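Structure at a glance
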Amino acid sequence: ICNKFAQNSSVTTLVWPKKHPNEIVFGLAEGKVKVGQLKSNKAATLYSTESLVVALAPGPDGNSILSGHLDGSIHKFTFETETSGPVKTAITTLDGCSPQALGWGAGIVAAGNDRIVRFWDGEGHFLNEYDYTSDASVREFTCASFNPSGESVVLGNFNCFFVFAWHPRDREWREACRKNVDNLYSVSALAWKADGSRLVLGSLCGGIDMFDACIRRARYRGTYEFTYVSLSQVIVKNLNDGARIVLKSTVGFEIQKINIFQERFLVAHTPDSILLGDLVSCKLSEIPWMSSGDEKFYFDNPSVCMIFKAGELSLVEYGSNELLHCARTEHMSPHMISVRITDPVAGAAGPDRHVKCMAYLLDLQTVRISDMLNNTNVGTISHDSRVDWLELNPGAEKLLFRDKRRQLHLYDIASQSRTTLLNYCNYVQWVPGSDVVVAQSRQKLCVWYSIEAPDRVTVHEVKGDIEEIERSNGRTFVVVDEGINTVEYELDEALINFGSCLDRRQFAHAVDILEELPLTPETEAMWRQLADVATEEFCLPVAERCYAVLGDVSKARYLHKMNRIVQDNEQAGGFQHHQVQAKMAILQKQFGRAEAIYLEKNEIEEAMSMYQELHKYVESIRLAEKKNHGNVLQLKNQYLQWLLSTQQEDKAAELQEQEGNPKKAIELYLKAGMPAKAAQVVLQHNVPCSPRICAACQAAGMHDKAGELYERMGLVQ
């Protein structure tokens, strides 16, 4: 026993609302309806009446209840929600009848000892009733139970039970059948199986009977059985393996027609919607749809159903009750539409990334790429020839497409750039589950293990045509038809697995794979790709290892220093230490961000040293002046000496001119071979002119400047 709610009055009935897992509602003989809170182990009164509670019924929304009382009154209580508080409503009062048979589904039903069955809608408006007072075989109604869909209700009586069904077109309840069972006596309990296919009945004398409950059954092609448990709910059973799936209209529409495609995909029609399902994943969808009978269904992608109607393509993801995407296109060939839908990999070290992307043809020469998550267009390719094949990679980052001239192109969505891979291609395909490309150009089998480096390609000579690519039992091979027989060309599984390791951010495994391979152009491209991704994900030891293998000594040493800082500051946050963050920003050439990180910690000297190490003395001087640093003059002198030592007299002259030293600026401009700028300084700053400047201008062929200076000196002749 985990909870107790002691009461001063007898508990007559109780229910457990499905949206309140920690609350039990029970009725008392004194007329109170209470709620028992499992977490606090306390009971609270929802409302009080003056009459014994004979029945409780939970609402179909899981947030409300009905209570029936001995005086014939029926009350509805709705729990508090985000938009409203708790509400108690009186539904009705039955004269001379206690509603022992009380239920709530698609409507409210109440019956008792007066032998009249009454129905109301969910708001308490009266619908219709059935009077059995003239039938001597009918006695008092004892209990009621709605089926899971809420469209049928069973009421227990003496030696029989009644079934009523809801007819939405006429908006009324009708008696569906009456089942007589001799020697059953009074029905004391009713319960439905969760899918609505079975009804269990308990009687006064201790009998428990199970009944098969369905409107009708039908066989489909001898392999499936459809059991219609209600107008809006059908159980689909595979007769071969016994697998079952419940097809149900969430809005209560009548299911009129069911088809099964490819022994896997369900399509069911209702008057105002369409239901789609996958028998393997047991995912169901229902979307509003006015069927005209001329729509076509495509099931090439296991995650979505594509519906083509009147030039419009609609995509429905299994398990979602909304349209995923709509697009206008006239080209519905499976080779001209590519859809990629992936969920985050469980246990992956990297960030979660949902992918829902589609590539299709706007016209014969224009490809549109749409991000269906954000409902935006991420790329449009205008080609000069007819496109006859296209496909996205699994991560929807690259698009391969081939035109009528048999040219194969690769489009990078992030950079919006296009690369021609082959000038003649008679077969191309992504290796399943990877970013490896296999293509055939006449008698050459071309494999791109790293598509990030399109120029690094592995070529094999073949004598036939590629039929397919197969991956099984840890092997990947290309099947080639050579006329008399077929030959298998095995691909390097290690290089293929490398891409999967990157996607899952398993950097250590990726390094292990590459270290066992010789350094070739293909593996070199993979080392570089791993280095870039590891740097982005702050996996600095792996990035250091990659750059060391690539021979990039400067980056390897820089990352080695960063790793030492991480180790020394393990207690202070490791990778989150401001020194590490700043140096990473410098590595990514985000100098402004690095400066902000240093200034946030009030490390002005570090920020200035950063700029000086990068020979960005102007930025260092700017920062020193901004922060009123005492070494501004020293920095300027160091900058001047560095410019002179590196023979950058022109920039040194500009610095002297800015500092208000025109004579020194003139000397440096002349030394740099820029007499025009020297003359400009003379004219702007009203400095006495020397014949040396005039001679330099004449030697450079700038006679107009020389003449202007002679005129200024008074040497008109």
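If you're wondering where the values come from, they're calculated on a predicted model, not measured in any experiment.

About the cut-offs
Residues numbered from 1 in each chain as written. Predicted model: local features only at pLDDT ≥ 70, side-chain atom pairs only at ≥ 80, totals over all residues. Heavy atoms only, no water. Buried < 20%, exposed > 50% of the residue type's maximum accessible area, 1.4 Å probe, protein only. Helix = DSSP H or I, 4+ residues; strand = E, 2+ residues; numbered from the N terminus. Pairing = 2+ DSSP bridges. pLDDT = per-residue confidence, 0-100. Contact = heavy atoms within 4.5 Å. Patch = residues over 30% accessible without salt bridge, like charges linked within 9 Å, V, L, I, M, F, W, Y side chains within 5 Å. Areas by Shrake-Rupley, 256 points an atom, 1.4 Å probe, with all protein chains shown as cover. Salt bridge = Lys/Arg side-chain N within 4 Å of Asp/Glu carboxyl O. Lys, Arg positive; Asp, Glu negative; His and termini not counted. Charge placed at Lys NZ, Arg CZ, Asp CG, Glu CD. Axes fitted to C-alpha atoms, helices over the stretch in contact; angles between N-to-C directions. Parallel < 35°, antiparallel > 145°, perpendicular 65-115°, else oblique. Left-handed = near helix turned anticlockwise from the far one by under 90°. Nonpolar A, V, L, I, M, F, W, Y, C, P; charged D, E, K, R; others polar. Core = buried A, V, L, I, M, F, W, Y, C linked by side-chain atoms within 4.5 Å. Polar contact = N/O pair within 3.5 Å; in protein donor to acceptor, adjacent residues only side chain to side chain. Phe/Tyr/Trp six-rings, centres within 6.5 Å; stacked < 30°, edge-to-face > 60°. Lys NZ or Arg CZ within 6 Å of the ring centre and 35° of its normal. Arc of directions from axis to C-beta.

Here we look at the pairing of strand β41 (residues 437–441)
- Among the five residues of β41, five are classified as buried, and the element is accordingly described as predominantly covered.
- Neither face of β41 is exposed, since V437, A439 and S441 on one face and V438 and Q440 on the opposite face are all buried.
- Alignment of strand β40 (residues 427–430) against β41, held across four bridges, turns out to be antiparallel. Across the sheet, Q429 pairs through a bridge with V438, a residue of β41.
- Pairing of β41 with strand β42 (residues 444–448) involves five bridges; the strand directions are antiparallel.

Observations regarding the confidence of the model for the protein
- Residue-level pLDDT values for the protein average 84, and 85% of them are 70 or greater.
- By mean pLDDT, helix α15 (residues 703–713) is the weakest element of the protein at 63, and strand β10 (residues 108–111) is the strongest at 96.
- Note that residues 345–352 has pLDDT below 50 and, in this model, nine contacts with residues that lie over four places away or in other chains.

Section: a negative patch on the surface
- A surface patch of negative charge is lined by D465, E467, E468 and D481.
- Per-element tally for the negative patch: the top contributor is strand β44 (residues 465–472), with three residues.
- Its relative accessible area of 35% is what places E468 among the partly exposed residues.

Regarding the sheet that holds strand β25 (residues 265–269)
- Read across the open sheet, the four strands follow the order β24-β25-β26-β27; overall the sheet is antiparallel. The two strands at the open ends of the sheet, each matched to only one other strand, are β24 (257–261) and β27 (283–288). Here the strands of the sheet are splayed against their neighbours by 15° on average, with no regard to which way each runs.
- Relative to strand β26 (residues 273–278), β25 runs antiparallel, the two being bridged by five bridges. Looking at the pairing, L266 lines up with G277 of β26.

Things to note about the packing of helix α5 (residues 553–568) against helix α6 (residues 578–587)
- Their axes nearest at 9 Å, the elements α5 and α6 cross at an angle of 165°. Between α5 and α6, the angle is such that the two are roughly antiparallel. The element α5 and its partner α6 pack so that their crossing is left-handed. Where α5 abuts α6, its residues K555, Y558, L559, M562, I565 and V566 lie against Q579, V580, K583, M584, I586 and L587.
- In the contact of α5 with α6, the residues fall into nine nonpolar, one polar and two charged.

Section: the nonpolar core
- Residues V438, Y449, V478, L491 and L530 are the most contacted members of the largest nonpolar core, which totals 42 residues.
- Not counting residues up to four positions away in its chain, the partners in contact with V478 are V438, L445, I466, E468, I469, V487, E488, Y489 and L491.

So, the pattern of salt bridges
- Applying the stated criterion across every chain yields a total of 23 salt bridges.
- One salt bridge connects R264 with D278, and the closest N-O pair in it is separated by 2.8 Å. Of this pair, R264 sits in the loop between β24 and β25 while D278 sits in strand β26, placing them 14 residues apart in sequence.
- On the accessibility criterion, D278 (2% relative accessible area) is buried.
- A salt bridge links D384 to R405; the shortest N-O distance between them is 2.9 Å. Residue D384 is located in the loop between β35 (376–382) and β36 (387–392), and its partner R405 is located in the loop between β37 (398–403) and β38 (408–412); the two are separated by 21 residues in the primary sequence.
- By relative accessible area, D384 is classed as exposed at 56%.

Observations regarding the side chain of K398
- Examined against the element boundaries, K398 turns out to sit in strand β37.
- Of the polar contacts made by the side chain of K398, one reaches the side chain of D412; its length is 2.3 Å.
- Ignoring sequence-local partners within four residues, the contact set of K398 consists of E391, L392, N393, L410, Y411, D412, I413, W430, I451 and E452.

Quick word on the sheet that holds strand β12 (residues 126–131)
- Taken together, the four strands give an open sheet; going across it, the order is β9-β10-β11-β12, and neighbouring strands pair in antiparallel fashion. Because the sheet does not close on itself, it has two edges, and the strands there are β9 (101–104) and β12. Each neighbouring strand pair of the sheet contributes to a mean axis angle of 10°, computed without reference to strand direction.

Considering the packing of aromatic side chains
- This structure, assessed with the given rule, holds 22 aromatic pairs.
- Each residue in the set F119, Y130, Y132, F141, F146, F162, F164, W166 and W173 is aromatic and connected to the rest through ring pairs, giving one cluster.
- A cation sits over an aromatic face here: R139 above F158, 3.9 Å from the ring centre.
- Across from the ring centre of Y228, 3.9 Å away, lies the NZ or CZ of R216, which sits over that ring.

Section: helix α4 (residues 540–550)
- Along α4, the residues that are buried comprise L540, V542, A543, C546, Y547 and L550. Each buried residue of α4 lies within a common arc of 155° when the element is viewed along its axis, so the set occupies one face.
- Against α2 (507–515), α3 (521–536), α5 and α6 lie the buried residues of α4.
- Just downstream of α4, G551 is the residue with a positive phi angle, here 80°.

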